[in-house]
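Coordinates in review
Each chain, written out:
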Amino acid sequence: MKTWRVGTFSMGASLLLLGIYLILSQLMGLDITNMLISWWPVILVVLGIEILLYLLFSKQEKPYLKYDILSIFFVGILGTVGIGVALISSTGIVDKVSASMDREHRTHELPAYEQAVSKEVKRVVIETGNNAVTIEGSNAKDVSMFGTYTASSGKNEKLIETSEDYVSSTVKGDTLYLAIKDIPNEAVGMFDQYGMMSPTILVPQNVKLEVVGNHNEITIKPRKLMSDWSIDKSSYLDIQLEENSDVKLVASKINDIVGELKDWKIKKESINEADEEYDYDDSGLIEEATFQLGKGSHEIQINDTSQVQLKIVH
């Protein structure tokens with residue numbers, strides 16, 4: 001007479017179910033991670049059914065459970081691994097691993113942004129965030145923005161779907177306020193997710209402009225400037241002026257000037273002696289520097305900037 005040892009059937013059923021799950025995942029392209037997480041509770045169900053059936057159909061007056069130790073040990077390992085995977089999955093790590101394996105470094109176009117500038121708007125204030133931005137003067141009647149962003153993302157994932165995802169705008173009185181948002185970054189061990197945005201902003205030439213940086217790179221191309229601009233808190237400011245421009249640059253509290261130097265008038269801070277003009281090659285923080293094209297009818301003020309580069313476009 002054969003002896004029924006509890007656990008033998010459970011181990012066989014567990015291996016059978018696991019094999020079926022793996023075959024289906026290969027043939028049907030199912031997510032094996034989710035399948036492995038969801039199938040393991042079946043082991044406990046099968047083991048419980050086996051015990052109940054043994055007690056129900058046993059012909060002994062007082063049934064005594066006999067266990068197949070090796071099978072129970074194997075089933076226990078499968079159950080423990082399944083519970084561990086489920087607990088890890090509940091923390092979101094499994095999803096992050098899956099997303100990380102599917103992630104690639106891609107460059108996408110920014111959704112175009114346009115904001116009409118009414119006659120009441122006399123000033124535009126732009127907060128650049130941490131992005132490297134390019135700002136150009138335009139003869140259009142609106143502020144527009146376009147460009148690209150590079151990010152680590154899944155195949156069908158876009159971090160920026162609409163212009164509202166990367167810029168917010170508000171009109172208060174005679175001022176249009178624009179704030180460029182940063183792409184969400186994530187830095188947790190191997191699951192780093194980062195992005196960089198390079199927007200280009202077109203601003204009407206006849207509107208006063210104030211740019212507030214965050215010690216980031218800023219490029220400005222005023223073209224035929226017909227108003228005053230100011231640039232604050234840039235780590236590197238690239239200024240591109242047309243040769244026939246009528247503009248005056250006034251820079252204060254900057255560390256370095258590169259590019260066209262011969263026509264700059266530079267005064268550096270001096271210690272324990274009267275302020276005086278220095279040659280550019282002398283060391284020291286630049287207290288004030290000016291550069292002028294034409295009559296200098298319009299002014300670009302530069303404040304709290306590490307490095308300024310000037311290019312004259314012929």
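Because the structure is a prediction, the values reported are computed rather than measured.

Conventions we followed
- Residues numbered from 1 in each chain as written.
- Predicted model: local features only at pLDDT ≥ 70, side-chain atom pairs only at ≥ 80, totals over all residues.
- Heavy atoms only, no water.
- Helix = DSSP H or I, 4+ residues; strand = E, 2+ residues; numbered from the N terminus.
- Buried < 20%, exposed > 50% of the residue type's maximum accessible area, 1.4 Å probe, protein only.
- Contact = heavy atoms within 4.5 Å.
- Areas by Shrake-Rupley, 256 points an atom, 1.4 Å probe, with all protein chains shown as cover.
- Salt bridge = Lys/Arg side-chain N within 4 Å of Asp/Glu carboxyl O.
- Phe/Tyr/Trp six-rings, centres within 6.5 Å; stacked < 30°, edge-to-face > 60°.
- Pairing = 2+ DSSP bridges.
- Patch = residues over 30% accessible without salt bridge, like charges linked within 9 Å, V, L, I, M, F, W, Y side chains within 5 Å.
- Core = buried A, V, L, I, M, F, W, Y, C linked by side-chain atoms within 4.5 Å.
- Polar contact = N/O pair within 3.5 Å; in protein donor to acceptor, adjacent residues only side chain to side chain.

So, about the overall build of the protein chain. For the protein chain, the helix and strand inventory stands at 5 helices and 15 strands. Every one of the 314 residues in the protein chain was classed for burial, and the buried ones make up 38%. Sequence separation of 24 or more characterises 72% of the internal contacts of the protein chain that already satisfy a separation of 6 or more. Accessible surface computed for the protein chain: about 18,300 Å², of which carbon and sulfur atoms make up 55%.

Here the focus is the side chain of Ser144. Mapping Ser144 onto the fold places it in strand 5 (residues 142-153). When its relative accessible area of 12% is taken as the criterion, Ser144 is described as buried. Contact partners of Ser144, with chain neighbours within four places excluded, come to Tyr113, Glu114, Thr200, Ile201 and Leu202.

Even without a glycine there, the phi angle at Lys233 is positive, about 60°. Since its relative accessible area comes to 39%, Lys233 is described here as partly exposed. With a phi angle near 55°, Lys253 is a residue other than glycine that sits in the positive phi range. As for its position among the elements, Lys253 is in strand 11 (residues 247-259).

So, about the pattern of salt bridges. Applying the stated criterion across every chain yields a total of 5 salt bridges. Two residues, Glu136 and Lys221, come together in a salt bridge whose shortest N-O distance is 3.9 Å. One end of the pair, Glu136, is in strand 4 (residues 133-138); the other, Lys221, is in strand 9 (residues 208-221), with 85 residues separating them in the sequence. Notably, a salt bridge pairs Lys224 with Glu242, separated by 3.8 Å at the nearest N-O pair. Taken as a pair, Lys224 in the loop between strand 9 and strand 10 (229-242) and Glu242 in strand 10 lie far apart in primary sequence, 18 residues in all. A relative accessible area of 39% means that Lys224 is categorised as partly exposed. Assessed through its relative accessible area of 26%, Glu242 is described here as partly exposed.

Moving on, we come to the packing of aromatic side chains. What the rule picks out here adds up to 1 aromatic pair. Consider the rings of Trp264 and Phe291, whose centres lie 5.6 Å apart with planes at 45°: the pair is tilted. Of this pair, Trp264 sits in the loop between strand 11 and strand 12 (265-268) while Phe291 sits in strand 14 (residues 286-293), placing them 27 residues apart in sequence. Taken individually, Trp264 and Phe291 each receive the classification buried, so the pair is uniform in this respect.

To continue, consider the pairing of strand 7 (residues 175-180). Where strand 3 (residues 123-127) lies against strand 7, 5 bridges are found, and the strand directions are parallel. Across the sheet, the residue bridging to Ile126 is Leu178, located in strand 7. Of the pairings in the sheet, the one linking strand 6 (residues 167-172) to strand 7 comprises 6 bridges and is antiparallel in character. Counted as the bridge partner of Thr170 is Tyr177 from strand 7. In this structure, the hairpin formed by strand 6 and strand 7 is closed by a connection of 2 residues, where Gly173 is found at a positive phi of approximately 65°.

So, on to a nonpolar patch on the surface. The grouping of Val45, Ile49, Leu53 and Leu56 at the surface amounts to a nonpolar patch, some 360 Å² of accessible area in total. Mapped onto the elements, Leu53 comes out in helix 3 (residues 41-57).

Core analysis: the largest hydrophobic core is formed by 49 residues, its most contacted members being Ile126, Ile135, Ile220, Ile239, Leu241 and Ile300. Apart from residues no more than four positions distant in its own chain, Ile220 is found in contact with Ile135, Trp229, Ile231, Leu237, Asp238, Ile239, Gln240 and Ile300.

The next point concerns the environment of Tyr149. Of note, Tyr149 is situated in strand 5. As for Tyr149 and Met196, which are separated by 47 residues in sequence, their C-alpha atoms are 5.5 Å apart. One polar contact links the side chain of Tyr149 to the main-chain amide nitrogen of Ile160, over a distance of 3.4 Å.

If you trace the backbone, Glu288 turns up in strand 14. Glu288 sits 35 residues away from Lys253 along the chain, and the two C-alpha atoms are 6.6 Å apart.

Attention now goes to the side chain of Ser227. With respect to the helices and strands, Ser227 occurs in the loop between strand 9 and strand 10. What makes Ser227 buried here is its relative accessible area of 8%. Within the local environment of Ser227, its side chain forms a polar contact with the backbone oxygen of Val207, the two atoms lying 2.8 Å apart. In contact with Ser227, not counting residues within four places along its chain, are Gln205, Asn206, Val207, Lys208, His298 and Glu299.

Below, the discussion takes up the pairing of strand 14. Summarising the sheet, strand 11 and strand 14 pair through 7 bridges and their orientation is antiparallel. Looking at the pairing, Ser252 lines up with Glu288 of strand 14. Alignment of strand 12 against strand 14, held across 4 bridges, turns out to be antiparallel. When the bridges of strand 14 are listed, Lys265 appears paired with Thr290.

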